[in-house]
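# Reading the structure
Here is what each chain is made of, one letter per residue.
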Amino acid sequence: VYQYYYQRITINKIEGKLPENQPLLIACHHENYADGFIISKALKTKNLYWVVNTKKILGKRWHKILKPLFDYFGVLPLDKKLFEKSSEVLKRNNRIIIFPEGNLSYERNYKKFGKFKNGVIRLARYAEKKYGITIEIVPVGLRYFGNKVDVTIGESLHYKEGIKKLRERIVK
């Protein structure tokens, strides 16, 4: 469905390049439900997973019924097992999309940016300590213009640089 509405995705600019052959957390601000699909298409990368608050979207009943489908599409439910599951995914050199704001634009009264939560930083730190691997965080910004989207991929950073630095790079 999103492909028909968003006919053209334009990568506006790239600051640095997407690191290759290493685990990544891709942190993006959250405008609408299509964001993950748009990032997937723009990055053209394999082994991509998404952190999704499935219970918030579907409720507990549907979450349980649709779990096999979530697993197939690489959805990592936002639950108490997230850090363990995500660390396993990152250990296998995969990439995970995560939205640090944790909500869509309409849920924050259409403010451009919401408060950035530090889950992405905590997740990177957890995976690094558990498996001794370096986890880079790649900031991604989206700008919607009707049915067109500009995607800005920023220079990656390490979790020790902090949530403020990550927010600055996404907001740019």
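Since the model is a prediction, treat every value here as computed from it, not as a measurement.

Cut-offs applied
- Residues numbered from 1 in each chain as written.
- Predicted model: local features only at pLDDT ≥ 70, side-chain atom pairs only at ≥ 80, totals over all residues.
- Heavy atoms only, no water.
- Helix = DSSP H or I, 4+ residues; strand = E, 2+ residues; numbered from the N terminus.
- Buried < 20%, exposed > 50% of the residue type's maximum accessible area, 1.4 Å probe, protein only.
- Contact = heavy atoms within 4.5 Å.
- Pairing = 2+ DSSP bridges.
- Lys, Arg positive; Asp, Glu negative; His and termini not counted.
- Salt bridge = Lys/Arg side-chain N within 4 Å of Asp/Glu carboxyl O.
- Polar contact = N/O pair within 3.5 Å; in protein donor to acceptor, adjacent residues only side chain to side chain.
- Phe/Tyr/Trp six-rings, centres within 6.5 Å; stacked < 30°, edge-to-face > 60°.

### Description of the environment of V89
- Locating V89 in the fold gives a position in helix α4 (residues 82–91).
- Judged by its relative accessible area of 5%, V89 falls in the buried class.
- The spacing of V89 and N47 is 42 residues in sequence and 9.0 Å in space, taken between C-alpha atoms.
- If we skip the residues at most four places from it in the chain, V89 touches Y49, L76, N94 and I96.

### So, the pairing of strand β6 (residues 136–145)
- Extensive coverage of β6 is indicated by the burial of 7 of its 10 residues.
- Sheet topology places strand β2 (residues 24–28) next to β6; 5 bridges connect them, and they run parallel. Residue pairing for β6: I26 is matched across the bridge by V138.
- The pairing of β6 with strand β8 (residues 157–158) spans 2 bridges and is antiparallel. Bridge pairing in β8 links E136 to H158.

### Comments concerning the environment of N21
- Along the chain, N21 falls in the loop between β1 (8–14) and β2.
- A relative accessible area of 69% places N21 in the exposed class.
- For N21, the residues in contact, after removing those within four places along its chain, are N93 and R95.

### A short note on the side chain of E128
- Looking at the element boundaries, E128 is found in helix α5 (residues 119–131).
- An unpaired buried charge is present at E128: no salt bridge exists, and K160, the closest side chain of opposite charge, is 5.9 Å distant.
- A polar contact is formed between the side chain of E128 and the side chain of H158, at a distance of 2.9 Å.
- Among all residues touching E128, those that are not within four sequence positions of it are I133, T134, I135, H158 and Y159.

### Examining the packing of aromatic side chains
- Following the criterion strictly, the structure yields 1 aromatic pair and no others.
- Their ring planes at 65° and their centres at 5.6 Å tell us that F83 and Y126 sit as a pair that is edge-to-face. Residue F83 is found in helix α4, and its partner Y126 is found in helix α5; the two are separated by 43 residues along the sequence.
- The exposure class assigned to F83 is partly exposed, which follows from its relative accessible area of 22%.

Keep in mind these numbers describe shape, not what the thing actually does.
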